[in-house]
Amino acid sequence: MNNLTEFEKYVIEQKGTERPFSGEYVDHDVQGMYLCKKCLAPLYKSEHKFNAHCGWPAFDNEIEGAVKHTLDADGHRTEITCAQCGGHLGHVFEGEHLTENNIRHCVNSVSMVFTPLDELSQVSSASTPNEKATFGAGCFWCIEAIFSQLKGVQSVKSGYCGGDAKDANYDAVCSGRTGHAEVIQIEFDPAVISYETLLAVLFESHDPTTLNQQGNDKGPQYRSVIFAHNSQQIDAANRFINALTEQHIWSKPIVTEVSAFDTFYPAENYHEDYFAKHGEQPYCQLVVKPKFDKVMSKFADKRKN
């Protein structure tokens, strides 16, 4: 997070407003991108900006998922904030017919910082930190092998999540009494691979309609589950499941759980890269390899070179 001046704190953190026509970006007209002053998350592209003659920078579009809309307490105006850090940007208005999009984001200049087009690649790497995703889909050997091959995935760790016990190990989890699921925790670069793409790979990698079971692997530790790390992941997972349900891909209902992430317990070292190290073993040949080959074929364009 950037350090803020007292006036920047007043606007961004206390939901204040700068005086009209006083901000540096009111008449600004340069190609590039407007970022959140507090956390440097990209908010608006220069092509979204237009002159509304209102005294504040105006935009008729936003970078997808970058801006959160919340109705004010008085029920009359809609506040806009940075979706990543919650910093106050301004308000949004519709129905003014100022552009074809018929929407105006009225944003305080002080809530933003501008980056010219030729500097965007440098800012991108600094403003899109890696994120985490945690999935359960049966034996973690299978999905660890699959997700580790995807471009944008920095690391994949097998482990345990979702149980009541304060610790987890393979023998205890396999008993089915700890409540944990076998999971993988993925660290990924959202600028290269989206969370929605990871969800697509997840649902291609297992049967989400079998309760506490994947093939011959039975027990609650093999359940289909998504442990979401934030509200955006919860929304994305539920939207994805609803879309799959509407498509009637499976004859039975999807039973995948969507739960808030709590604690991840790394698996024992001998589980790391298990398929890569023990691919000749019968389980790997009969169970892991067919899934691996199927998913890699469908997502060949997402595979690392």
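The notes below deal with the structure included here.

The rules behind each value
Residues numbered from 1 in each chain as written. Predicted model: local features only at pLDDT ≥ 70, side-chain atom pairs only at ≥ 80, totals over all residues. Heavy atoms only, no water. Helix = DSSP H or I, 4+ residues; strand = E, 2+ residues; numbered from the N terminus. Contact = heavy atoms within 4.5 Å. Polar contact = N/O pair within 3.5 Å; in protein donor to acceptor, adjacent residues only side chain to side chain. Buried < 20%, exposed > 50% of the residue type's maximum accessible area, 1.4 Å probe, protein only. Pairing = 2+ DSSP bridges. Axes fitted to C-alpha atoms, helices over the stretch in contact; angles between N-to-C directions.

With respect to the helices and strands, Ser224 occurs in strand S15 (residues 224–228). Counting along the chain gives 14 residues from Ser224 to Thr210, while the straight-line C-alpha distance between them is 8.0 Å. Leaving out residues up to four positions away in the same chain, Ser224 has contacts with Gly136, His206, Pro208, Val255, Thr256 and Glu257. At 2.7 Å, the side chain of Ser224 and the side chain of His206 are in polar contact.

What follows is about the pairing of strand S12 (residues 181–188). The buried count for S12 comes to seven of eight residues, which makes it a mostly enclosed element. In terms of strand pairing, strand S10 (residues 131–137) meets S12 through five bridges, oriented antiparallel. Its bridge partner lying in S12, Lys132 is registered against Glu187. In the sheet, strand S11 (residues 153–161) pairs with S12 via eight bridges, with the strands oriented antiparallel. Bridge assignment links Ser158 to a residue of S12, and that residue is Ile184.

Here we take up the sheet that holds strand S17 (residues 264–266). Sheet strands line up and pair through hydrogen bonds in the backbone, either parallel or antiparallel. Judged by pairing direction, the sheet is mixed, and its six strands sit side by side in the order S16-S15-S10-S12-S11-S17 without closing on themselves. Looking along the sheet, the strands with just one partner apiece sit at the ends: strand S16 (257–260) and S17. Each strand axis lies, on average, 35 degrees off the axis of its neighbour in the sheet, ignoring direction. Relative to S15, S10 runs antiparallel, the two being bridged by four bridges. Counterpart to Phe135 in the pairing with S15 is Ile226.

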